[in-house]
Amino acid sequence: MRTIPSADNRKGGSDLEEFYRDNRILDHDAFYVKVVKEDGTDMALPAPPVPSRKNHEPMGDLNGDGNADLIAIDSDGTGKLRFYAGRGDGSLADPKQIGNGGWAHAAITHGGDFNGDGNQDVVARVGSELRLYPGNGDGTVGAPQVFKGNGAGWDPSITKIITVDDATGDDYPDVIAISNNKLWLYPGDPDNKPGLKSPIQIGGAGWDKFDLIALDDVDGDGYSDLGARNRNDGMSYFYPGPLNHDLSQRTPMIREQSGDRATTRLYDGVNLPFITSAHDSDGNGRMDMWGIGMMGRGKLNFIMDDPKVDKNPQGDFPWISRSKEVGNGFNGILAIG
Ligand SMILES: [Ca+2]
Ligand SMILES: [Ca+2]
Ligand SMILES: [Ca+2]
Ligand SMILES: [Ca+2]
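Residues numbered from 1 in each chain as written. Chains lettered and ligands numbered in written order. Predicted model: local features only at pLDDT ≥ 70, side-chain atom pairs only at ≥ 80, totals over all residues. Heavy atoms only, no water.

## Brief notes about the overall build of the protein chain
So, point 1. Summing up its helical and strand segments, the protein chain has one helix and 22 strands in all.
So, point 2. The contacts in the protein chain between residues at least 6 apart in sequence include a share of 46% that link residues at least 24 apart.
So, point 3. When the accessible surface of the protein chain is summed, it comes to about 16100 Å², and 47% of that surface belongs to carbon and sulfur atoms. (Helix = DSSP H or I, 4+ residues; strand = E, 2+ residues; numbered from the N terminus. Contact = heavy atoms within 4.5 Å. Areas by Shrake-Rupley, 256 points an atom, 1.4 Å probe, with all protein chains shown as cover.)

Encoded structure:
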C-alpha cells in the first residue's frame, strides 16, 4: 500500500470538481472521458455503450397493428374515454368507447408497457391517483391499478402528463408531468411494476403555459426526447434525452411551412387547444403530432416533419413541418393523449 500525500489528494479532488464544473456534469450524470496519447492520437478504447431501445413496438400503438393511436375524453355525461385507431397515414378510424364514464376531470396519455405483458398501456390521473389502465392489445383497457411507489397523492388539478418509451436508460417507460408550474420526471420503476420512483424536478417555474409532446428517440442516442409547446405564443422546443436532470437547454423545434408562408411557431392554445404526440403515425421514420381545433373547431390536424420539404434528418432542428386536416367531428372533446 502506498499512501497519497494529502496535498496530491486535495489537488485530485479539486481537479475533479473543476472538471465537473467546466463540463457541466451534475451528480449521477453518466459521462465518458476520452483518453488521448501525448502525440494526440486516440487510445484504442471501446465505444461508449448506447442504451438500447430494444425491439419495442412503435410507440403509442394500443391495438398492435403497428400504427400509433389516439385516445380522447368526450364531454358525454360524466366523460367517456374514446379510442381512435391510427390508420398508418396520420388519419384515424372512427372512435370506439373504451371507458364508460367519470373521465371528465381526468388527465390521459398512453404508450409504453408498464406492467410488462407486452401490450402498451393507458396512463391516467384520476382524482389524486396516477393509474395504469393496462392495454389488452386490441385498443381496449383492463381494470385500473394505482401505480406502486408514487401513484398516490397526485395533485388533482394536473392536466398535463405524458409517457415516454425510456428517458432514463433502464429500458422501462417513464412519466413526465407538469405540476405546480414546474416540470417533473417520474422515473418508471422496472423492479416494482407498474411502479414509479420518486419524482425529479426537471424544469423550474414557468411550465404551466406549456403542453408536453412525447417525441420518442428523435436524435437516435437511445433516450426518449421531449417536445413542448408554449400555449401563449405557439413557440415549441426540443429537449434531448436523457431527461432525468434540469432541462434548461432547449432548441426551437418547428419551422412550420404553409404554402409560401414559414413560421417558427405552432398554432397557439387558442387556435389549437389540444396537441399531442402522434409518434410516427405515418410510418416514415419521423415524428408527428395531432392537434384539434386549427382551421375550425372539431377538426383533426396532422402535423408532420415532412421529408419532402425538410431534407435534414429528423434529429436536425428546427423541423420543417406541414399541417393537414385529416378528420373532423372532434367537437366536445375535453382532452386527448
Ligand atoms: Ca394502432
Ligand atoms: Ca402493458
Ligand atoms: Ca426509464
Ligand atoms: Ca412520421
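Once you've had a look at it, read on.
## Quick look at the coordination of the calcium ion (ligand 4)
So, point 1. Distances from the calcium ion (ligand 4) to its protein donors, Asp280 (OD), Asp282 (OD), Asn284 (OD1), Arg286 (O), Asp288 (OD) and Asp288 (OD), fall within 2.2 to 2.7 Å.
So, point 2. Because the angles between the six donor atoms bound to the calcium ion (ligand 4) fall within 51 to 167°, the donor set is best described as irregular.
So, point 3. Written as a sequence motif, the donor arrangement for the calcium ion (ligand 4) is D-x1-D-x1-N-x1-R-x1-D.
So, point 4. With a relative accessible area of 23%, Asp280 lands in the partly exposed category.
So, point 5. Assessed through its relative accessible area of 21%, Asp282 is described here as partly exposed. (Donors = N, O, S within 2.8 Å, 3.2 Å for Na, K, Ca; no water. Tetrahedral: all angles 85-135°; square planar, octahedral: opposite > 155°, others 65-115°. Buried < 20%, exposed > 50% of the residue type's maximum accessible area, 1.4 Å probe, protein only.)

## Re the coordination of the calcium ion (ligand 1)
So, point 1. Taken together, the protein ligands of the calcium ion (ligand 1) are Asp61 (OD), Asn63 (OD1), Asp65 (OD), Asn67 (O), Asp69 (OD) and Asp69 (OD), with distances of 2.3 to 2.4 Å.
So, point 2. Coordination at the calcium ion (ligand 1) comes from six donor atoms whose angles at the metal span 55 to 165°, giving a geometry best classed as irregular.

## Some remarks on the sheet that holds strand β7 (residues 145-146)
So, point 1. With respect to topology, four strands assemble into an open sheet ordered β4-β5-β6-β7, the strand pairing being antiparallel. A single partner strand is all that each edge strand has here, and the edge strands are β4 (107-110) and β7.
So, point 2. As defined by bridge partners, strand β5 (residues 122-126) adjoins strand β6 (residues 129-133) across five bridges and the pair is classed as antiparallel. By the bridge assignment, Val123 is partnered in β6 with Leu132. (Pairing = 2+ DSSP bridges.)

## Some thoughts on the packing of aromatic side chains
So, point 1. Applying the stated rule across the entire model yields 10 aromatic pairs.
So, point 2. An angle of 25° between the planes, with centres 4.3 Å apart, marks the rings of Trp154 and Tyr186 as stacked. Separated by 32 residues along the polypeptide, Trp154 in the loop between β7 and β8 (160-164) and Tyr186 in strand β10 (residues 182-186) bring together distant segments of the chain.
So, point 3. An aromatic cluster is present here, built from Trp207, Phe210, Tyr237 and Tyr239 joined pairwise through their rings.
So, point 4. A cation sits over an aromatic face here: Arg250 above Tyr237, 3.7 Å from the ring centre. (Phe/Tyr/Trp six-rings, centres within 6.5 Å; stacked < 30°, edge-to-face > 60°. Lys NZ or Arg CZ within 6 Å of the ring centre and 35° of its normal.)

## A look at the sheet that holds strand β14 (residues 236-239)
So, point 1. Pairing within the open sheet is antiparallel, and its four strands lie in the order β12-β13-β14-β15. Each edge of the open sheet is held by one strand with a lone partner, namely β12 (210-214) and β15 (251-252).
So, point 2. Taken together, the two bridges between β14 and β15 define a ladder with antiparallel strand orientation. Note that in β15 the partner of Phe238 across the bridge is Thr251.

## Focus: the nonpolar core
So, point 1. With 19 residues, the main nonpolar core has Ile176, Leu183, Trp207, Leu212, Leu226 and Tyr239 as its most contacted residues.
So, point 2. For this core, the leading source of residues is β12, giving three residues.
So, point 3. If we skip the residues at most four places from it in the chain, Trp207 touches Ile178, Asn181, Lys182, Leu183, Leu212, Ala228 and Tyr239.
So, point 4. If you look at the next biggest cluster of nonpolar residues, it comprises 16 residues, including Ile71, Leu81, Ala106 and Val126. (Core = buried A, V, L, I, M, F, W, Y, C linked by side-chain atoms within 4.5 Å.)

## Some points on unusual backbone geometry
So, point 1. Cis geometry marks the peptide bond from Lys193 to Pro194; its omega dihedral reads -15°.
So, point 2. For Pro194, the location among the structural elements is in the loop between β10 and β11 (200-203).
So, point 3. Pro242 follows Gly241 through a cis peptide bond whose omega is 0°.
So, point 4. Note that Pro242 resides in the loop between β14 and β15.
So, point 5. Phi at His279 takes a positive value of approximately 50°, unusual for a residue other than glycine.
So, point 6. The topology assignment puts His279 in strand β18 (residues 274-279).

## Digging into the confidence of the model for the protein chain
So, point 1. Per-residue confidence for the protein chain gives a mean pLDDT of 88; residues scoring 70 or more make up 82%.
So, point 2. Across residues 46-55 the pLDDT falls below 50, and counting only partners more than four positions away or on other chains, this stretch makes 13 contacts in the model. (pLDDT = per-residue confidence, 0-100.)

## So, the pattern of salt bridges
So, point 1. Per the stated rule, a full pass over the model turns up nine salt bridges.
So, point 2. Measuring nitrogen to oxygen at the nearest pair gives 2.9 Å for the salt bridge that ties Asp74 to Arg82. The same class applies to Asp74 and to Arg82, which are both buried.
So, point 3. Among the charged side chains, a network of salt bridges with common partners joins Asp211, Arg229 and Arg231. (Salt bridge = Lys/Arg side-chain N within 4 Å of Asp/Glu carboxyl O.)

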